[in-house]
Amino acid sequence: TLKATRKFGVLQHQVHQVLNNGPRPGPATFVIHCLYALPIFDIHCEGFSHLIISSLRRFLKANLADSLQAKDLAAHLFVDMVQGYVNHDERILVKVVEVFDVRLTDLENVICQLKATNINFIPITALTFLEQYIFKLIESQSYMTAITLLEHFSICQSGKSFLLVMMEKKEFRAAEKWATFMGKSMLCVLVQEYVDRKMLKCSYVTIKKNNLWQEFADVYHQCKESKTNLFFCCSMKQLAEKGCWDVAESKAKGDKQFIEYLVYLAMEAGYSEKIDELCDRYSLQGFPKAKEFDATLLHHKHYLCLKELGIEDVFWVDQVDSLHTATCYIEESKVVGMDCEWKPNYVKGSKPNKVSIMQIASNRSVFIFDLIKLSGDVPHILDNCLSRILQSLSILKLGYNFQCDTKQLTSSYETLGCFNHFEMLLDIQDVFKESSGGLLGLAEEILGAGLNKTRRNSDWEQRPLSQNQLEYAALDAAVLVHIFHHIRDRSQQATADGNDKIEWKSSIVSE
C-alpha cells in the first residue's frame, strides 16, 4: 500500500544515514554481517533484509566504500544460502548477487577455500555448483529467480525447450526475460509462440521492443492494425456512452466494420431508432428492426419507464390553446420536476444550439413545451405563461444541476424575461452532494432502476420528435418528482424515529 511504501522509505532513509556514519569495519561489510544474523528474527527477517540491502544499493550509488572488500564476504554468503546454512528468501539471494556484483570468479575463490578447509565439501567447479542450484530452482518452478541468475552469470546452456516449458506454465514474463537474454533467435521463437497462442498484443510488443519487424512483417502489421482498431473501437464506445452518436458515426468514415460496431453499441444501449437509422443509411442486413429489438430489450437491463412512475399522459405543447391549458394545470400542482433539452453542437469553440424543449412534470402528467416554435409564434404569451410557473411562490420547482439549464435558457431566449428569475427552486444535486453517477446513478440508488441515457445527445430540433425521445424527455422531469417524494417521506420518517433526517428545505433557493 501507499502507506507501507512511505513507511519503508522513511526506514530506508534512516538506514542510509547509519551507513553514511561509517559503521565498522565498513558499510558494505556491516550489511553482510547483518544478513548473516537476520535469520534469527524469523518472520521479520525478509522485511529487514530487503530494507538494509536496498539502503546499501542506494548508498553505493554515491560511495564505493568497502564494496570491493565486501564482495568476497557476499560470495561466501551466497554459497552458504545455496547450501542452506543461512536461511534467506530467494529474492534476497538475487539481491546479494546484484548489489555486490558477485561473479563466477568470486564464487570460484570461495569454493577453493572450502575445498582447502572443509573435507566434507564435494570438489566441484563454481559453474557446476551454480548450475545444480539453478536446476533445482527450475524444478520448483522459480523461473524468474533461475533466469536472473543465468543472466547475471552469463550461463547460456538451456535452450528452446526451457522457453517452451515456461510458456506452457504461463510464465510469460520469465520467458520474455530469458529470450531477451539469449538473443534474437530465441526472441523469434518467443514471438512465434505468442502468435500460435493468439497473443497478438504480446507478439506486437515484443516485435516492436526488439526490432523484429523484418522477421515478422505480416504479424507486426496485423497486430498494429488490430491495436489501432481496438483503440478506435474504444473511442467509439466512449462517444456512444456519452450519447455522442453523430460524432462516433463521423469518425467511422463509412467503414462498414466500424459502422456495424456502432450498430452493436446501439443495440447494447437499447437505442432502437439509431439501429434502424444506421442500417438504412448504410444498407446493413441482418440486424433486428426497432419493433423486434424493443421486444427483446425487455429481457435485458431494466430501465425506468413512465408507467412505473405513475405518469398517465405526456402532452406536446406547441399551440396557444395547449400552452394555456398546460399553464393552468401546472399552477394547480404543489411540486413539479423540470428539465430541458437542446441539440448538441460538436464544433469546437462554437456557440451552443438554442434550447429546443422544456419539460415540466407533475405527479401524473408531463408537459413538453416546444420553445423554438412558441417563442417564434407567441413570444409574449409564452413569456407570461412560464413566468406564472417559474416565479410562483406556491410551486416547488425541482431540477438536477439546473444552474446549467438556466444559463442555457437565458442565453437562448434573451428577449424573454421568464428565464431571468426563478422562485422556490430546489436542485436535487445539492441535496445528494455525495452521490455519484449523476441523475442516472441517483435514480438507481433511490428508485432501484436507472434511466436510459442513449438519446441524451440526439437531434432535439427535429420535428416531430420520436416516441422514444418524448419518453426520454418526460422521464428526466418525472423522475425528479419521485426522488423528491422519497426525500420528503424519508425525512418525515426519520423525524418520527428520532434519526438523522435528510435536510432539503435549506436548499430551496430563488435565482
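Residues numbered from 1 in each chain as written. Predicted model: local features only at pLDDT ≥ 70, side-chain atom pairs only at ≥ 80, totals over all residues. Heavy atoms only, no water.

(A) Inspection of a nonpolar patch on the surface at higher detail. Taken together, the side chains of I40, F41 and F48 make up a nonpolar region of the molecular surface, amounting to roughly 340 Å² of accessible area. For F48, the location among the structural elements is in helix α3 (residues 45-60). (Patch = residues over 30% accessible without salt bridge, like charges linked within 9 Å, V, L, I, M, F, W, Y side chains within 5 Å. Areas by Shrake-Rupley, 256 points an atom, 1.4 Å probe, with all protein chains shown as cover. Salt bridge = Lys/Arg side-chain N within 4 Å of Asp/Glu carboxyl O. Helix = DSSP H or I, 4+ residues; strand = E, 2+ residues; numbered from the N terminus.)

(B) Fine view of the side chain of S49. Looking at the secondary structure, you find S49 in helix α3. At 2.8 Å, the side chain of S49 forms a polar contact with the backbone oxygen of C45. (Polar contact = N/O pair within 3.5 Å; in protein donor to acceptor, adjacent residues only side chain to side chain.)

(C) Structural view of the packing of aromatic side chains. All told, the structure shown has 11 aromatic pairs when counted by the stated rule. Summarising the aromatic geometry, the rings of W178 and F181 are spaced 5.8 Å apart at their centres and angled 50° between planes, so their arrangement reads as tilted. With W178 and F181 both in helix α10 (residues 172-182), this residue pair falls 3 residues apart, about one helical turn. An identical accessibility class is assigned to W178 and F181; each is buried. Between the aromatic rings of Y329 and F367, the centroid separation amounts to 5.3 Å while the plane-to-plane angle is 55°, which identifies the pairing as tilted. Placement of the pair is Y329 in helix α18 (residues 320-331) and F367 in strand β4 (residues 365-370), with a sequence separation of 38 residues. On the basis of relative accessible area, Y329 is assigned to the partly exposed category, the value being 35%. The buried category is assigned to F367, whose relative accessible area is 5%. Ring pairing ties together the aromatic residues Y143, F162, W178 and F181, which thus form one cluster. (Phe/Tyr/Trp six-rings, centres within 6.5 Å; stacked < 30°, edge-to-face > 60°. Buried < 20%, exposed > 50% of the residue type's maximum accessible area, 1.4 Å probe, protein only.)

(D) Inspection of the sheet that holds strand β6 (residues 425-427) at higher detail. The strand order across the open sheet built from 7 strands is β1-β4-β3-β2-β5-β6-β7, with neighbouring strands paired in mixed fashion. Every other strand in the sheet has two partners, leaving β1 (313-317) and β7 (508-509) as the edge strands with one partner each. For strand β3 (residues 355-361) and β4, the ladder comprises 5 bridges, and the chain directions are antiparallel. Across the sheet, the residue bridging to I357 is D370, located in β4. (Pairing = 2+ DSSP bridges.)

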